[in-house]
Amino acid sequence: MNEIISLLQNHRSIRKFTDQPVSQDQLNAILASAQAASTSSNMQAYSVIHVKDEGLNSQLAAWAGNQPYVSECPLFLVWCADLHRYEQAVQRHGDTSVTGNAENFIVATVDAALAAQNAAVAAESLGFGVVYIGGLRNKPAEVSALLGLPQLVYPVFGMCIGVPDQEPLPRPRLPLEAVYHENRYTDNKVAVDEYDESIRDYMHVRSDGKVDTTWSKEMAAKAQRPREHMKAFLSTQGFEVE
Ligand SMILES: Cc1cc2nc3c(=O)[nH]c(=O)nc-3n(C[C@H](O)[C@H](O)[C@H](O)COP(=O)(O)O)c2cc1C
């Protein structure tokens, strides 16, 4: 169709990188692309932390559930939802307090995700591969302390960026009918049945026949690890998500 659409549809997460560094010019282009993303009411309610220190990256890799690529990748970014700067701006003009209520929590989280995805696409367009690291939310309080995050800031996810040293198969997505609805929401169980089989085939190939699973089985396993600690953590960071 066009180069951008091909790039988007060619995405796959990369978890093994060469040693080739990301140059300062490339990093600047990635970050400028992140900053160009749409943002709720121009709040730009996010921050991104480039973790350069090896010791910090090793610690983050461990806390993320021993994901070695966190410390092995040439560029590791932590994307944070950030209402702290918004609060500081507001305080220049009186004593209105900023709340980390559910609405502002959503605004900041969405802003962080939109900026991050722009960065991901920009990085991929430069020939890099990326993987998001939600594993940082295994230990959100520890990660926040390590990175010195103030109140009203929390780490949404990390992101590894580097030149791919692997060529994984693209992971199939749900059939469009499962996610696309016209006029009103409709359940489509057949589409999920179909997808279970395509993930079974994909995992079979990816694991050289060792793994037999389906999408719904993976989702059932994931549902057993609901990261219940996030609610209490967010509350200590000033977000009221009761
Ligand atoms: C917010 C978010 C968090 C993620 N966290 C991790 C992670 O901690 N570790 C990992 O290996 N992949 C992680 N991923 C990558 C997903 O597993 C991956 O995008 C998904 O399985 C689809 O595969 P694909 O990106 O190769 O198409 C994350 C993705 C997102 C969007």
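As recorded in an unreviewed UniProt entry, the protein chain goes by NADPH-dependent oxidoreductase and comes from Paenibacillus marchantiophytorum. In its Sequence similarities (unreviewed entry) section, UniProt records this for the protein chain: "Belongs to the flavin oxidoreductase frp family."

Now for unusual backbone geometry. Phi at Asn42 is positive, roughly 55 degrees, even though this residue is not glycine. Positionally, Asn42 belongs in the loop between α2 (24–35) and β1 (46–50). The exposure class of Asn42 is exposed, given its relative accessible area of 53%. Here Arg227, not a glycine, exhibits a phi torsion of approximately 45 degrees, which is positive.

UniProt marks residues 9–162 with the feature "domain: Nitroreductase" (unreviewed entry), using the numbering shown here. Counted over residues 9–162, helix gives 43% and strand 18%. Its end C-alpha atoms are 19 Å apart.

Here we come to the site of the ligand. His11, Ser13, Arg15, Gln67 and Gly134 are the nearest of the 14 residues found near the ligand. One of the side-chain N or O atoms of Ser13 is found 2.6 Å from an oxygen atom in the ligand. Arg15 is positioned such that a nitrogen or oxygen atom in its side chain is 2.6 Å from an oxygen atom of the ligand. Taken by itself the ligand offers 620 Å² of open surface, and the protein chains cover 69% of this. Judged by the fraction of its atoms near the pocket grid, the ligand is located in the largest pocket. Take the shell around the ligand: its biggest share by element is three residues, from strand β3 (residues 129–133).

Hydrogen bonding along the main chain pairs the strands of a sheet, whether they run parallel or antiparallel. Taking strand neighbours across the sheet as the criterion, the four strands line up as β1-β2-β4-β3 in an open arrangement whose pairing is antiparallel. Of all strands in the sheet, those bounded by a partner on one side alone are β1 and β3. Mean inter-strand twist for the sheet, computed between neighbouring axes without regard to direction, equals 25 degrees. With eight bridges connecting them, strand β2 (residues 75–82) and strand β4 (residues 153–162) associate as antiparallel partners.

As a further point, take the packing of aromatic side chains. This model, assessed by the stated rule, comprises six aromatic pairs. Between Tyr154 and Phe239, the aromatic rings sit 5.5 Å apart at their centres with planes inclined by 85 degrees, giving edge-to-face as the arrangement. Here Tyr154, found in strand β4, pairs with Phe239, found in the segment after α11 (229–236); they are 85 residues apart in sequence, far enough to count as distant. Just as Tyr154 is buried, Phe239 falls in that class too. Members of the aromatic cluster, connected to one another through ring pairs, are Phe105, Tyr154 and Phe239.

Conventions we followed
- Residues numbered from 1 in each chain as written.
- Predicted model: local features only at pLDDT ≥ 70, side-chain atom pairs only at ≥ 80, totals over all residues.
- Heavy atoms only, no water.
- UniProt positions renumbered as here; feature names shortened; annotations may be inferred.
- Helix = DSSP H or I, 4+ residues; strand = E, 2+ residues; numbered from the N terminus.
- Buried < 20%, exposed > 50% of the residue type's maximum accessible area, 1.4 Å probe, protein only.
- Near = heavy atom within 4 Å.
- Polar contact = N/O pair within 3.5 Å; in protein donor to acceptor, adjacent residues only side chain to side chain.
- Areas by Shrake-Rupley, 256 points an atom, 1.4 Å probe, with all protein chains shown as cover.
- 1 Å grid on protein atoms, 1.4 Å probe; cavity = no way out; pocket = protein on both sides within 12 Å on 5 of 7 lines; lining within 4 Å.
- Sits in = over half its atoms within 2 Å of the grid points.
- Pairing = 2+ DSSP bridges.
- Axes fitted to C-alpha atoms, helices over the stretch in contact; angles between N-to-C directions.
- Phe/Tyr/Trp six-rings, centres within 6.5 Å; stacked < 30°, edge-to-face > 60°.

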